Amino acid sequence: QVQIVESGGGLVQPGGSLTLSCVARGSIFTIYAMGWYRQAPGKQRELVASITNGGTTNYTTSVKGRFTISRDNSIDTVYLQMNSLKPEDTAVYYCNALLSTIVARQSDYWGQGTQVTVSS
């Protein structure tokens, strides 16, 4: 069984910073990529940033230059450093991991989400 556990959300003023963390736990064989998605009220879930096990990163245009994704492969953890936050960054942020386990092939796993609210 695999668990994806996020932490670090909260309320921050515009221009502020937050760091989200996500750890994958369980009988994991290989993690191929991890990423962060977000979903604002009334909108579809969108990819924010992703990182492969080789370190290749990808960002949605609206967060480039403000957000940084990083990963510690030794502890199966991914981070999202968010700077210069804007009200439009307000959303539930979900962690995703593309991984295989000792009994299952490559599949997507999701966390339960953490709320990020940017407001004065």
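Treat the numbers as computed from the prediction; the structure is a model and nothing was measured.

Draft legend 1. Structural context of the nonpolar core. If you look at the biggest cluster of nonpolar residues, it comprises 30 residues, and the most contacted ones within it are Trp36, Leu80, Met82 and Tyr93. Mapped onto this core, the elements with two or more residues apiece are β1 (2–7), β3 (18–26), β4 (28–39), β5 (46–52), β7 (67–72), β8 (77–82), β9 (91–101) and β11 (114–118). Ranked by the residues each element gives to this core, the list is headed by β9, at five residues. In contact with Tyr93, not counting residues within four places along its chain, are Glu6, Leu20, Trp36, Tyr37, Arg38, Val48, Phe67, Leu80, Met82, Gly113, Thr114 and Val116.

Draft legend 2. Looking closely at the sheet that holds β8. What the four strands build is an open sheet, ordered β1-β3-β8-β7; its pairing is antiparallel. Only two strands of the sheet have a single neighbouring strand rather than two, namely β1 and β7. Direction aside, the axes of adjacent strands within the sheet are offset by 15° on average. Relative to β3, β1 runs antiparallel, the two sharing six bridges. In the strand pairing of β3, Glu6 is matched with Cys22.

Draft legend 3. Main features of the state of the cysteines. Applying the stated rule across the entire model yields one disulfide. A sulfur-sulfur distance of 2.0 Å marks the disulfide that ties Cys22 to Cys95. Around the S-S axis, the bridge from Cys22 to Cys95 shows a dihedral of about -80° and counts as left-handed. Of this pair, Cys22 sits in strand β3 while Cys95 is found in strand β9, placing the two residues 73 residues apart along the sequence.

Draft legend 4. Looking closely at the environment of Ser21. Inspection of the secondary structure puts Ser21 in strand β3. Sequence separation between Ser21 and Trp110 is 89 residues, and the spatial gap between their C-alpha atoms is 13 Å. Once you skip the residues sitting within four places of it in the chain, Ser21 turns out to touch Val5, Glu6, Ser7, Trp36, Val78 and Tyr79.

Draft legend 5. Structural detail: unusual backbone geometry. Of note in this structure, Asp76 is not a glycine but carries a positive phi near 50°. With respect to the element layout, Asp76 can be found in the loop between β7 and β8. Phi is positive for Ser84, which is not a glycine, with a value near 50°.

Draft legend 6. Just the pattern of salt bridges, in detail. Applying the stated criterion across every chain yields a total of three salt bridges. The partner of Glu46 in a salt bridge is Arg38, and the shortest N-O contact between them spans 2.7 Å. A residue is classified by how much of its surface remains accessible, and Glu46, at 32% relative accessible area, is partly exposed. Assessed through its relative accessible area of 6%, Arg38 is described here as buried.

Draft legend 7. Inspection of the pairing of β4 at higher detail. Summarising the sheet, β4 and β9 pair through ten bridges and their orientation is antiparallel. Across the sheet, the residue bridging to Arg38 is Tyr93, located in β9. As paired strands, β4 and β5 are joined by six bridges and run antiparallel to one another. Looking across to β5, one finds that Met34 is bridged to Ile51. If you look at the hairpin formed by β4 and β5, you'll find six residues sitting between the two strands, and Gly42 has a positive phi there, around 80°.

Reading the values: rules and limits
Within any chain, residue numbers begin from 1 and follow the written order of that chain's sequence. Totals for whole chains, interfaces and linings use all residues, but because this is a predicted model, local features are given only for residues with pLDDT of at least 70 and pairs of side-chain atoms are given and counted only at 80 or more. Side-chain measures here rest on the full set of heavy atoms in the structure, leaving out hydrogens and waters. Put simply, a nonpolar core is a bunch of buried Ala, Val, Leu, Ile, Met, Phe, Trp, Tyr and Cys residues held in one set by side-chain atoms that sit within 4.5 Å of each other. Working definition: with a 1.4 Å probe on protein chains only, accessible area under 20% of the residue-type maximum means buried, over 50% means exposed, and in between means partly exposed. By definition, any uninterrupted DSSP run of H or I lasting at least four residues is a helix, any uninterrupted run of E lasting at least two residues is a strand, and each is numbered from the N terminus. Contacts: residue pairs with any heavy atoms within 4.5 Å of one another. Here, a strand pair is defined by DSSP locating no fewer than two bridges between the strands. Here an angle of 0 to 180 degrees is reported between the N-to-C directions of two axes, which are lines fitted to C-alpha atoms, with helices fitted over the stretch in contact. Here, two cysteine sulfur atoms that lie within 2.5 Å of each other are counted as a disulfide. Salt bridge, as used here: a side-chain nitrogen of Lys or Arg that lies within 4 Å of a carboxyl oxygen of Asp or Glu.

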